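# Secondary and tertiary structure notes
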Amino acid sequence: MSYLTKNYNRKKISFKRGKGAYLYTANGSKYLDFVQGIAVNCLGHSNPKLIKTIKDQSKKLWHVSNAFEIPEGEKLAKKLCQKTFADYVMFQNSGAEATEAAIKVARRYFYSIGKPNKNRILCVKNSFHGRTIASIFASGSKKMTEGFGPKVPGFDHFIFGDHKSLKKKINKNTAAIMIENIMGEGGIKVIPDFCLRELRKLCNKKKILLIADSVQDGVGRSGDFFAFDQSKIKPDIVPIAKGIGGGFPIGAVLMNKKVAAGMTPGTHGSTFGGNPLAMAVGNTVMDIVSNRKFLNNVKKLSKYFLWNLNFIKQKYPRIIKEIRGRGLLVGVQLYKDQSRFIKKLMDNKLLTIRAAENVVRILPPLNVKKSELDQALKIINKVCTELK
Ligand SMILES: *Cc1c(COP(=O)(O)O)cnc(C)c1O
């Protein structure tokens, strides 16, 4: 029997080790891992540079309190600011923590300028911002909030793509609009660049903040460092997590100078957030992933992968409805429930994970090889043939 709570419906498989894009079971079965801990292991398993970083740092210093200066964190924050819109960074340990902290930053900003009633956050219905009490109510998802009342107040919702309702829902108490640039759990739905630009304009006009939850689509996953880079917009607040630790739990909130002014001493804190061990790993990930050449390669791989997936879609138009995504955040939307498809992929040694709207989510490491993409394409094609 298992002593773990049953809040997951786990697959009956475990892994002994991983290397790059591959996972190995105890009896030596080899799987192509295109889940990568849900967009976490951006450099694959057992990356030699990350191993060296963690080895070296673990011999020096693991953890000190944020009551003291942490040079490794200063260094990572500087890199994040130099490569992005941000002026300041606040470190956390996970995505949900980072999105909650982002909400705190937004509210605290309006409080600090004498507008404490401007505190409501306008979110996309059925979005995903994590599993803490506030973040589930931010998502507005019935499934995620059921049984976890009382409802956390302060969140309004609009339907993805419904621009009219979005505008109607903004009122004098709205502090911020919070979006995922690409809805990950929600089915790999990309907000088009022109919509992001309109969103930014709308926020400027209404004098409210734009929070772009980049926990899943950030840190190179989209082929740019941030998924909103291509639209040239600058959000005010951006929570990140998943990719930035390359497998080590790190979260962060990036923000501009204006809103950071509200975060005075004592307004927020985290015991673990930004400790030297985590920051050392984050620095190594950042050095690799923020490199232009690295990101251009992600784009190149993405173009190849998406083109070939669309080719398979054309061959099996009754199975595959749409190929979605950007960079290496990819969704294959099926007409039917995707469970059987995912199971068959797994039988053929390819690991993928579901997302909403019958989507098979495919998340290769960002340094995946073309030959590994080819292997996945072959398996996907084979499963389509079998299901035809
Ligand atoms: C995964 C995710 C989160 C939550 O991250 P955790 O580390 O699981 O708390 C928040 N927002 C988005 C967009 C995510 O994909």
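Please read all numbers here as calculations on a predicted model, not as lab measurements.

### Regarding the sheet that holds strand β14 (residues 329-334)
Taking strand neighbours across the sheet as the criterion, the four strands line up as β13-β14-β17-β16 in an open arrangement whose pairing is antiparallel. Because the sheet does not close on itself, it has two edges, and the strands there are β13 (320-326) and β16 (353-355). Within this sheet the neighbouring strands show an average axis-to-axis angle of 30 degrees, counted without direction. In the sheet, β14 pairs with strand β17 (residues 359-362) via four bridges, with the strands oriented antiparallel. Note on β17: the bridge partner recorded for Q333 is V359. Along the sheet, helix α11 (residues 292-315) contacts β13, β14 and β17; its crossing angle with β13, the most-contacted strand, is approximately 170 degrees.

### Some words on the sheet that holds strand β3 (residues 30-33)
Strand order in this open sheet of four strands is β1-β2-β3-β15, and the pairing throughout is mixed. With one partner strand each, in any of the chains shown, β1 (17-19) and β15 (350-351) form the two edges of the open sheet. Across two bridges, the pairing between β3 and β15 is parallel. The partner of L32 across the bridge, within β15, is L350.

### Some words on the layout of surface pockets
The space that makes up the second largest pocket amounts to roughly 680 Å³. Considering the residues around the second largest pocket, the lining is formed by 24 residues, among which N66, E74, V89, M90 and F91 are closest to the centre. Every element with two or more residues in the lining of the second largest pocket is listed here: α3 (71-83) and β4 (88-92). For the lining of the second largest pocket, the element with the most residues is β4, which contributes five residues. Its residues assigned to classes, the lining of the second largest pocket comprises eleven nonpolar, eleven polar and two charged.

### Here we look at the packing of aromatic side chains
One pass over the full model with this rule turns up seven aromatic pairs. The interplanar angle of 85 degrees and the centroid separation of 6.5 Å between the aromatic rings of F34 and F305 together place this pair among those described as edge-to-face. Of the two residues, F34 sits in the loop between β3 and α1 (36-39) while F305 sits in helix α11, which places them 271 residues apart along the sequence. Taken together, the ring pairs in this structure connect F85, F225, F226 and F228 into an aromatic cluster.

### Details of helix α13 (residues 370-387)
In this model, α13 (18 residues) spans 26 Å end to end at C-alpha, consistent with the 26 Å of a helix rising 1.5 Å per residue. All of the buried residues along α13 are E372, L373, A376, L377, I379, I380, N381, V383 and C384.

### Remarks on the site of the ligand
Every residue lining the ligand is accounted for by S94, G95, A96, F128, H129, G130, E180, D213, V215, Q216 and K242. A distance of 3.4 Å separates a nitrogen atom of the ligand from a polar atom in the backbone of F128. For the ligand, an oxygen atom lies 2.7 Å from a polar atom in the side chain of K242. Residue composition of the shell around the ligand, grouped by class: three nonpolar, five polar and three charged.

### Digging into helix α4 (residues 95-112)
The terminal C-alpha atoms of α4 lie 25 Å apart, and with 18 residues this matches the ideal 26 Å at 1.5 Å per residue to within 8%. Where α4 is concerned, the buried positions are G95, A96, A98, T99, A101, A102, I103, V105, A106, Y109 and F110. Just beyond α4, the residue with positive phi is G114, at close to 80 degrees.

### Observations concerning a positive patch on the surface
Together, K125, K151, K164, K168 and K169 give the surface a local cluster of positive charge. Here K164 lies in helix α7 (residues 163-169). Classification of K164 by relative accessible area gives exposed; the value is 72%.

### Some words on the side chain of D224
Relative to the helices and strands, D224 resides in the loop between β10 (209-213) and β11 (237-240). You can call D224 buried: its relative accessible area is 6%. Every residue in contact with D224, bar those within four places of it in the chain, is listed here: D229, Q230, R292, L295 and K299.

### With respect to the packing of helix α12 (residues 339-347) against α13
Their axes nearest at 10 Å, the elements α12 and α13 cross at an angle of 125 degrees. As judged from the angle between their axes, α12 and α13 are oblique. Classified by chirality, the crossing of α13 by α12 is right-handed. Here R340, F341, K344 and L345 of α12 lie close against α13, whose contacting residues are I379, I380, V383, C384, E386 and L387. For the contact of α12 with α13, the residue count by class is seven nonpolar, no polar and three charged.

### Comments concerning the domain arrangement of the chain
Taken domain by domain, the chain comprises domain 1 (17-47 + 293-387) and domain 2 (49-289). The straight-line distance from the C-alpha centre of domain 1 to that of domain 2 is 26 Å. Counting residues at the interface gives 29 residues for domain 1 and 30 residues for domain 2. Linking domain 1 with domain 2 are four salt bridges. Here E185 makes a salt bridge to R361, at a shortest N to O gap of 2.8 Å.

### Describing the packing of α11 against α13
A pair of packed helices can be characterised by two numbers: the angle between their axes and the separation between those axes. The N-to-C vectors of α11 and α13 enclose an angle of 15 degrees; their axes lie 11 Å apart at closest approach. Looking at the two axes, α11 sits roughly parallel to α13. In terms of crossing hand, the pair formed by α11 and α13 is right-handed. Between α11, through L301, Y304, F305, N308, L309, I312 and K315, and α13, the contact on the second element is made entirely by K370, L373, D374, L377, I380, N381 and C384. Its residues assigned to classes, the contact of α11 with α13 comprises nine nonpolar, two polar and three charged.

The rules we used
- Residues numbered from 1 in each chain as written.
- Predicted model: local features only at pLDDT ≥ 70, side-chain atom pairs only at ≥ 80, totals over all residues.
- Heavy atoms only, no water.
- Pairing = 2+ DSSP bridges.
- Helix = DSSP H or I, 4+ residues; strand = E, 2+ residues; numbered from the N terminus.
- Axes fitted to C-alpha atoms, helices over the stretch in contact; angles between N-to-C directions.
- Contact = heavy atoms within 4.5 Å.
- 1 Å grid on protein atoms, 1.4 Å probe; cavity = no way out; pocket = protein on both sides within 12 Å on 5 of 7 lines; lining within 4 Å.
- Points joined across faces, edges and corners; volume = space filled by probe spheres on them.
- Nonpolar A, V, L, I, M, F, W, Y, C, P; charged D, E, K, R; others polar.
- Phe/Tyr/Trp six-rings, centres within 6.5 Å; stacked < 30°, edge-to-face > 60°.
- Expected span 1.5 Å × (residues − 1).
- Buried < 20%, exposed > 50% of the residue type's maximum accessible area, 1.4 Å probe, protein only.
- Near = heavy atom within 4 Å.
- Polar contact = N/O pair within 3.5 Å; in protein donor to acceptor, adjacent residues only side chain to side chain.
- Patch = residues over 30% accessible without salt bridge, like charges linked within 9 Å, V, L, I, M, F, W, Y side chains within 5 Å.
- Areas by Shrake-Rupley, 256 points an atom, 1.4 Å probe, with all protein chains shown as cover.
- Salt bridge = Lys/Arg side-chain N within 4 Å of Asp/Glu carboxyl O.
- Lys, Arg positive; Asp, Glu negative; His and termini not counted.
- Charge placed at Lys NZ, Arg CZ, Asp CG, Glu CD.
- Parallel < 35°, antiparallel > 145°, perpendicular 65-115°, else oblique.
- Left-handed = near helix turned anticlockwise from the far one by under 90°.
- Domains from an automatic or database assignment.

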